[in-house]
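Architecture at a glance
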Amino acid sequence: LSKSELDQVVLHGNASWRTALSNVKGIYLTTDSKNGKLYVGKADGEAGIWGRWCQYASTGHGFNRALVKELGEVASDRQKDLRFSILEIADLQSAPGEIERRETHWKQILASRLTGYNRN
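Residues numbered from 1 in each chain as written. Predicted model: local features only at pLDDT ≥ 70, side-chain atom pairs only at ≥ 80, totals over all residues. Heavy atoms only, no water.

**Things to note about the side chain of N64**
Looking at where N64 falls in the secondary structure, it is placed in the loop between α3 (48–59) and α4 (65–71). A residue is classified by how much of its surface remains accessible, and N64, at 8% relative accessible area, is buried. Polar side-chain contacts of N64 include one of 3.4 Å to the side chain of Y39. (Helix = DSSP H or I, 4+ residues; strand = E, 2+ residues; numbered from the N terminus. Buried < 20%, exposed > 50% of the residue type's maximum accessible area, 1.4 Å probe, protein only. Polar contact = N/O pair within 3.5 Å; in protein donor to acceptor, adjacent residues only side chain to side chain.)

**Some words on the sheet that holds strand β2 (residues 38–43)**
Read across the sheet, three strands follow the order β2-β1-β3 without closing on themselves; strand pairing throughout is antiparallel. The two strands at the open ends of the sheet, each matched to only one other strand, are β2 and β3 (82–91). In this sheet, adjacent strand axes meet at a mean angle of 20° when their direction is disregarded. Bridge analysis of strand β1 (residues 24–32) against β3 gives nine bridges, and the strand direction is antiparallel. Bridging across to β3, G26 finds its partner in I89. Packing against the sheet, helix α5 (residues 96–110) makes contact with β1, β2 and β3, and its axis sits at approximately 170° to β2. (Pairing = 2+ DSSP bridges. Axes fitted to C-alpha atoms, helices over the stretch in contact; angles between N-to-C directions. Contact = heavy atoms within 4.5 Å.)

**Remarks on the packing of aromatic side chains**
A full pass over the atoms with the stated rule returns five aromatic pairs. Look at Y28 and W53: their rings are 6.4 Å apart centre to centre, the planes differ by 85°, and that puts the pair in the edge-to-face class. Of this pair, Y28 sits in strand β1 while W53 sits in helix α3, and the two are 25 residues apart along the sequence. Under the relative-accessibility criterion, Y28 is labelled buried at 0%. Its relative accessible area of 3% is what places W53 among the buried residues. Seen in terms of ring centroids, Y56 and F84 are 5.1 Å apart; in terms of plane orientation they differ by 65°. Their pairing is edge-to-face. Residue Y56 is found in helix α3, and its partner F84 is found in strand β3; the two are separated by 28 residues along the sequence. Each member of the pair, Y56 as well as F84, is classed as buried. An aromatic cluster of three or more residues is present, and its members are Y28, Y39, W53, Y56 and F84. (Phe/Tyr/Trp six-rings, centres within 6.5 Å; stacked < 30°, edge-to-face > 60°.)

**Remarks on the pattern of salt bridges**
Tallied over the full model, the rule gives eight salt bridges. Between R78 and E70 there is a salt bridge, with the nearest N and O atoms lying 2.8 Å from each other. The exposure class assigned to R78 is buried, which follows from its relative accessible area of 15%. You can call E70 partly exposed: its relative accessible area is 33%. Because the salt bridges share partners, they merge into one network encompassing D32, E70, R78 and D81. (Salt bridge = Lys/Arg side-chain N within 4 Å of Asp/Glu carboxyl O.)

Below you can see the structure in the form of structure tokens.
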């Protein structure tokens, strides 16, 4: 999804998206189409991927320090360069440690700590 598409899905509370993404935890990928940098993130809260992506829709950066530095704290046109995708889903009952382990796996595979926006 582009950032604009994500904003529309969240704004309209699209029922099918909300239901599907609220019922799973998981690992997602944010791609900066302007420079190719990646950010691998985890959604392990009670609201699942839906809750995490709602944060991106409202802030543009999801409170990620590297994205704030790149895109700015306040919404800007630069945020339109972001693309969101799901790498892996997990049951809502999955232990946070398991989600974190999978996030680390994807960060290593995609080298997002070396060449992207991941700082941890």
